[in-house]
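Breakdown of the fold
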Amino acid sequence: MQHWHILGAGAIGGLFATLLQDAGIPCTLLLRDDDPDLAAGSACITLRRDDQLHKHRFAVSANSEDSPLSYLLVCTKAYDMVPAIAGIEHRLAPGATILLLANGLGYQEQVQARWPRLDCFAGSTTEGAFREARRSICHAGHGSTLVGQPGRPSAPDWFASWQGLQTSCEWSADIDTVLWRKLAINCAINPVTALHRCPNGALAEQPQLAALVRELCTEISAIAIASGQAGAVEDLHPQVMAVIRATASNRSSMLQDVLAGRETEIDYLTGYLLAQGQQFGVEAPRNALLLQALKAQNAGHAPA
Ligand code: KPL
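Model, not experiment: these values are computed from the prediction.

Moving on: the domain arrangement of the protein. Split into domains, the protein comes out as domain 1 (4-172) and domain 2 (177-298). For domain 1 and domain 2, the distance between their C-alpha centroids amounts to 25 Å. Contacts between the two partners involve 19 residues from domain 1 and, on the opposite side, 17 residues from domain 2. Taken over both partners, the interface formed by domain 1 and domain 2 buries close to 1500 Å², and the fraction arising from carbon and sulfur atoms is 60%. Contact with domain 2 buries area across many residues of domain 1, yet Tyr 79, Asn 103 and Leu 105 alone supply 48% of it, more than any other trio. Counting across the domain 1 and domain 2 interface gives one salt bridge. Between Asp 257 and Lys 77 there is a salt bridge; the shortest N-O distance is 3.0 Å. Broken down by secondary-structure element, the contributors of at least two residues to the side of domain 1 that touches domain 2 are helix H4 (107-114) and strand S7 (119-125).

An order of S8-S9-S3-S4-S2-S1-S5-S6-S7-S10-S11 is seen for the 11 strands of this open sheet, with the pairing classed as mixed. Looking along the sheet, the strands with just one partner apiece sit at the ends: strand S8 (128-133) and strand S11 (168-171). Strand-to-strand twist across the sheet, computed as the mean angle between neighbouring axes with direction ignored, equals 30°. Note: strand S10 (residues 144-148) against S11, four bridges, orientation parallel. Note on S11: the bridge partner recorded for Ser 144 is Ser 168. Its contacts with the sheet place H4 against strand S6 (92-101) and S7, and it is angled at close to 175° to S6. Strands in contact with helix H6 (residues 175-196) are S7 and S10; relative to S7, the strand with the most contacts, it is inclined by about 45°.

By secondary structure assignment, the location of Gly 281 is in the loop between helix H11 (270-280) and helix H12 (285-298). The sequence separation of Gly 281 and Ile 223 amounts to 58 residues, and the corresponding C-alpha distance is 8.7 Å.

Here the focus is the site of the ligand. Taken together, the residues surrounding the ligand are Asn 103, Lys 182, Asn 186, Ile 189, Asn 190, Asn 200, Val 243, Ser 252 and Ser 253. Contact between the ligand and Ser 253: an oxygen atom at 2.5 Å from a side-chain N or O atom of the residue. Protein chains bury 81% of the 280 Å² of accessible surface belonging to the ligand in isolation. Considering every element that reaches the shell around the ligand, the biggest residue donor is H6, with four residues. In terms of residue class, the shell around the ligand is made up of two nonpolar, six polar and one charged.

Further remarks concern the packing of H6 against H11. Think of two packed helices as two axes; the pair is described by the angle between the axes and how far apart they sit. Two numbers describe how H6 lies on H11: the axes approach to 9 Å, and their chain directions differ by 115°. The hand of the H6/H11 crossing is left-handed. Here Trp 180, Leu 183, Cys 187 and Pro 191 of H6 come into contact with H11, specifically with Thr 270, Tyr 272, Leu 273 and Gln 276. Class assignment of the residues belonging to the contact of H6 with H11 gives a composition of six nonpolar, two polar and no charged.

What follows covers helix H1 (residues 11-22). Helix length check: H1, at 12 residues, gives a terminal C-alpha distance of 17 Å against a target of 16 Å (1.5 Å per residue), a fit within 8%. Within H1, 10 of the 12 residues are buried, which leaves the element mostly enclosed by the surrounding structure. By the burial criterion, the buried members of H1 are Ala 11, Ile 12, Gly 13, Gly 14, Leu 15, Phe 16, Ala 17, Thr 18, Leu 19 and Leu 20.

Rules of the game
- Residues numbered from 1 in each chain as written.
- Predicted model: local features only at pLDDT ≥ 70, side-chain atom pairs only at ≥ 80, totals over all residues.
- Heavy atoms only, no water.
- Domains from an automatic or database assignment.
- Contact = heavy atoms within 4.5 Å.
- Buried area = accessible area lost by both parts, 1.4 Å probe.
- Salt bridge = Lys/Arg side-chain N within 4 Å of Asp/Glu carboxyl O.
- Helix = DSSP H or I, 4+ residues; strand = E, 2+ residues; numbered from the N terminus.
- Pairing = 2+ DSSP bridges.
- Axes fitted to C-alpha atoms, helices over the stretch in contact; angles between N-to-C directions.
- Near = heavy atom within 4 Å.
- Polar contact = N/O pair within 3.5 Å; in protein donor to acceptor, adjacent residues only side chain to side chain.
- Areas by Shrake-Rupley, 256 points an atom, 1.4 Å probe, with all protein chains shown as cover.
- Nonpolar A, V, L, I, M, F, W, Y, C, P; charged D, E, K, R; others polar.
- Left-handed = near helix turned anticlockwise from the far one by under 90°.
- Expected span 1.5 Å × (residues − 1).
- Buried < 20%, exposed > 50% of the residue type's maximum accessible area, 1.4 Å probe, protein only.

Okay, here's the thing in structure tokens:
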């Protein structure tokens, strides 16, 4: 049985830690050297689901320790992927399996380029989870998770145990399309909600915002098509509207970041999209303005 280590035990990392443990898969949380749970020798994550509390106790390990890691799940924010992995790189076993699970695109290539010997997988999840307190997570909405590796049609052996998780977790033979589709949806929703500080539903209710979302979708689709990702943006606008309606009362992850004074993932969402546009000669003025406005609004917010 593989032993998974989890780097970034926030809402999604903590949720997957509990899912792995419930499926009988050994799992240890990697913690910064100053984390008080290291002195305690273990960490307790409380998961609230359907108004019931489930407590899970985990083994913990300081990032600076040197026992080797063979299976690593990384669930940090997109911009923290490379720095977080750099902090434990001395522990990575040769050819270690690493699964990256965050919004956005761009960091996957950065990780693979910096650590070419890692067996690197990418995932995309629609699980709805947010942190209520330091080690308390609310599992607000069941979603599904797709995992894959570009160019790899079938799942590696280790993935069999992930298919036993108490959630929908499937192998994708075309993870690039999955990641692009998620990027496209996030680019059409997250920055608008973060700039206007509104719940997702406002993007359907307020005519001006709804018109902006439509324009963003047109530009996003043009860039995706030029990048060879036409399949990811088929029916993008209706799909975005469906997500907006299904998550109407939610605050997008980017709005949550802005309200908490944290850095946002905009560089790995709209920033990545615009870089692709530039590479293929497709302009996206609405998306560019949105990125600028959001950066101007958040200038002065120190990253957490
Ligand atoms: O993925 C999301 C996010 O908030 O990051 C959704 C809810 C789909 C869009 O806002």
